[in-house]
Amino acid sequence: MPETVNLGRVNGRRIPRPNSLSMPALSPARRWLAVIVISAVAVRLGYILAFGGTLNLQTSGYDIYAVNLMAGNGYTRFPDFRPDSDLPPLYPAFLVGVYTVLGRSAASVALAQIALEVVTITTIYAIGRRVGGAWTGIVAAAFTAFYPYLLFQNLTLNDTAIFLTLLALAVLALYRTTERPTLARAALVGVVLGGAALTKTLCLALLPFAAVWWWRVLGWRQALRLSLVVGGVTLAVLTPWVARNIAVQGGFTLISTNDGSNLHQGNNPCVADYLLNGWDAQWVNCLPSPPEGLNELALSAWHRDQALRYIQEHLGAMPRLFAVKLWTLWSPEILPRAVPPDARLGDTAALQYEQPLFRAARIVHLLYFTPLLLLGGIGWWQAARRAARIAPILMVIAAITLAYLVFHPSTRYRAPADPFVFILAAYVLTDHRQPYTIVQGG
């Protein structure tokens, strides 16, 4: 028991005061947050115990990079160990840490990513609290914690869990920098955004959005000051990897070389029909074969040229293509819904999504996500009317939407935006008695 200090007697009873080293009592909201986090962890551990067989190391191409890094073969996916830059490096580096500490298994990855989800849930609470008060944060955290799609997706070997964590931390850092615009807080934004960009490059689109927001709420001088710091620190985080890529590829490569193939997969004669059939754009079978002998950088450039040529020569088809992409990205249904009979599969891991368990999960997702998406739209309208500080949330939604309208969409690619939609949904369902404040200077 903690030591107490005697404050005197009232009606003959001594009134103790806790020692200054004792823990302060949690607010009701924080107690609920603790319950949500503990429950979310328990649900995920239960999933691993009950359905761990559905987890697979081959659901993405990252495992081979981690294995080769641990074996001292460098960052490569090739049997001859020649270095490459096809995928961003942060998630393979994370897997190296997981494999080193917990061993190489799908269960080890799932356990490590549960820890990331704890950070994400608490960060979504902190963001929601800034938008509409503590209870908005609690409801948003609960929606995120028990979102069925992320329950499976964030336990699987892919980069969604770590990217979502970094994205949420970046948004929280943006809010905190706006509340107290110091250079240290701006530098933290740059560190987190740089890490997120080493997972998915699209998050760099947050930089100009943030600059405009700071200009609106803090004035152009503060906005310029903060933007220069954030941009400089982000660049410093990225520079070692960019320099490595230039040395390996013999030409400028920002984060990865898969942008060309992704652009081509999302802009070609058959992709709209593939998406309308509920199939993934990565399985399209109408792409011409590239010329022989192209190196990685040249191959990416060839795919990029093919996509741009298709767009230029078929401008009349672009409205339909972009409408199909937008629907695919924000559809309440989990997409892709099926594997086409002529799919170009590098492995058979995608076939597990045809199992009865996953078909049932699709129905649960539809029932869970559809009302929250509708509430999110209402929350956007309500928050805008009340001048709530939702700009960073809209930045995320806009960046993800624009990126996958240009490239190609799926539910997994949209999933990092979903918790931010849930914040807007929570805004509708809660009172807003803790106004957001901005502290000038400091």
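Refer to the structure presented above.
As the structure is a prediction and not an experimental result, all values here were calculated from the model. (Residues numbered from 1 in each chain as written. Predicted model: local features only at pLDDT ≥ 70, side-chain atom pairs only at ≥ 80, totals over all residues. Heavy atoms only, no water.)

1. So, the overall build of the protein chain
Working step 1: For the protein chain, the helix and strand inventory stands at 18 helices and 2 strands.
Working step 2: Among the 442 residues that make up the protein chain, the fraction classed as buried is 49%.
Working step 3: Taking the intrachain contacts of the protein chain between residues at least 6 apart in sequence as the baseline, contacts between residues at least 24 apart amount to 76%.
Working step 4: Of the roughly 20400 Å² of accessible surface on the protein chain, a fraction of 65% belongs to carbon and sulfur atoms. (Helix = DSSP H or I, 4+ residues; strand = E, 2+ residues; numbered from the N terminus. Buried < 20%, exposed > 50% of the residue type's maximum accessible area, 1.4 Å probe, protein only. Contact = heavy atoms within 4.5 Å. Areas by Shrake-Rupley, 256 points an atom, 1.4 Å probe, with all protein chains shown as cover.)

2. Details of the packing of aromatic side chains
When we look at a pair of aromatic rings, we describe it by the centre distance and by the angle of the planes.
Working step 1: One pass over the structure, following the stated rule, counts 15 aromatic pairs.
Working step 2: Where Y147 meets F369, the ring centres are 6.0 Å apart and the plane angle is 25°; that geometry is what we call stacked. Of this pair, Y147 sits in the loop between α5 (134–145) and α6 (148–153) while F369 sits in helix α15 (residues 356–385), and the two are 222 residues apart along the sequence.
Working step 3: Residue class for Y147 comes out buried when judged on its relative accessible area of 0%.
Working step 4: Relative accessible area serves as the criterion here: at 0%, F369 is assigned to the buried category.
Working step 5: Pairing Y175 with W213 gives two aromatic rings, centres 5.8 Å apart and planes at 80°, and the pair type is edge-to-face. In this pair, Y175 is assigned in helix α7 (residues 160–179) and W213 in helix α9 (residues 206–218), connecting sequence segments 38 residues apart. Here the two residues Y175 and W213 agree in accessibility, since each one is buried.
Working step 6: Three or more aromatic residues joined by ring pairs make a cluster, and in this case those are F143, Y147, Y149, Y368, F369 and F422.
Working step 7: Between the NZ or CZ atom of R82 and the centre of the ring of F78, over which it lies, the distance is 3.6 Å. (Phe/Tyr/Trp six-rings, centres within 6.5 Å; stacked < 30°, edge-to-face > 60°. Lys NZ or Arg CZ within 6 Å of the ring centre and 35° of its normal.)

3. Quick look at the nonpolar core
Working step 1: Membership of the largest hydrophobic core comes to 98 residues, with the highest contact counts inside it found for L95, W214, I393 and F420.
Working step 2: Broken down by element, the residue count for this core peaks at 13 residues, all from α7.
Working step 3: Discounting chain neighbours no more than four positions away, the residues touching I393 are I127, V131, Y175, F420, I423 and L424. (Core = buried A, V, L, I, M, F, W, Y, C linked by side-chain atoms within 4.5 Å.)

4. Let's talk about a nonpolar patch on the surface
Working step 1: Where nonpolar side chains cluster on the molecular surface, the patch consists of V212, W215, W220, L224 and L228 and spans about 580 Å² of accessible area.
Working step 2: Where the nonpolar patch is concerned, the elements lending two or more residues are α9 and α10 (220–249).
Working step 3: Among the elements that take part in the nonpolar patch, α10 stands out by supplying 3 residues, more than any other.
Working step 4: Position of L228 among the secondary structure elements: in helix α10.
Working step 5: On the accessibility criterion, L228 (60% relative accessible area) is exposed. (Patch = residues over 30% accessible without salt bridge, like charges linked within 9 Å, V, L, I, M, F, W, Y side chains within 5 Å. Salt bridge = Lys/Arg side-chain N within 4 Å of Asp/Glu carboxyl O.)

5. Remarks on the state of the cysteines
Working step 1: This model, assessed by the stated rule, comprises 1 disulfide.
Working step 2: What pairs with C270 in a disulfide is C286, and their sulfur atoms sit 2.1 Å apart. Taking the sign of the torsion about the S-S bond as the criterion, the disulfide between C270 and C286, at about -80°, is left-handed. One end of the pair, C270, is in the loop between α11 (259–266) and α12 (271–276); the other, C286, is in the loop between α12 and α13 (296–313), and 16 residues separate them in sequence.
Working step 3: Residue C270 is classed as buried on the basis of its relative accessible area of 12%. (Disulfide = S-S within 2.5 Å.)

6. Re the pattern of salt bridges
Any two side chains of opposite charge can pair, given that their charged atoms come close.
Working step 1: Applying the stated criterion across every chain, the model contains 11 salt bridges.
Working step 2: Among the ionic pairs, R104 bridges to D63, the shortest N-O distance being 2.6 Å. In this pair, R104 sits in the loop between α3 (90–102) and α4 (106–132) while D63 sits in helix α2 (residues 62–70), placing the two residues 41 residues apart along the sequence.
Working step 3: When its relative accessible area of 46% is taken as the criterion, R104 is described as partly exposed.
Working step 4: What makes D63 buried here is its relative accessible area of 4%.
Working step 5: Across the salt bridge formed by D259 and R304, the nearest N and O atoms sit 3.1 Å from each other. In this pair, D259 is assigned in helix α11 and R304 in helix α13, connecting sequence segments 45 residues apart.
Working step 6: Look at the salt bridges and you will find they share partners, linking D159, K200 and R412 into a network.

7. Some details on the environment of G195
Working step 1: Mapped onto the secondary structure, G195 falls in helix α8 (residues 183–197).
Working step 2: What makes G195 buried here is its relative accessible area of 12%.
Working step 3: A C-alpha to C-alpha distance of 8.2 Å links G195 and T234, two positions 39 residues apart in sequence.
Working step 4: In this view, G195 contacts L90, L166 and V237; residues no more than four positions away in its chain are not counted.

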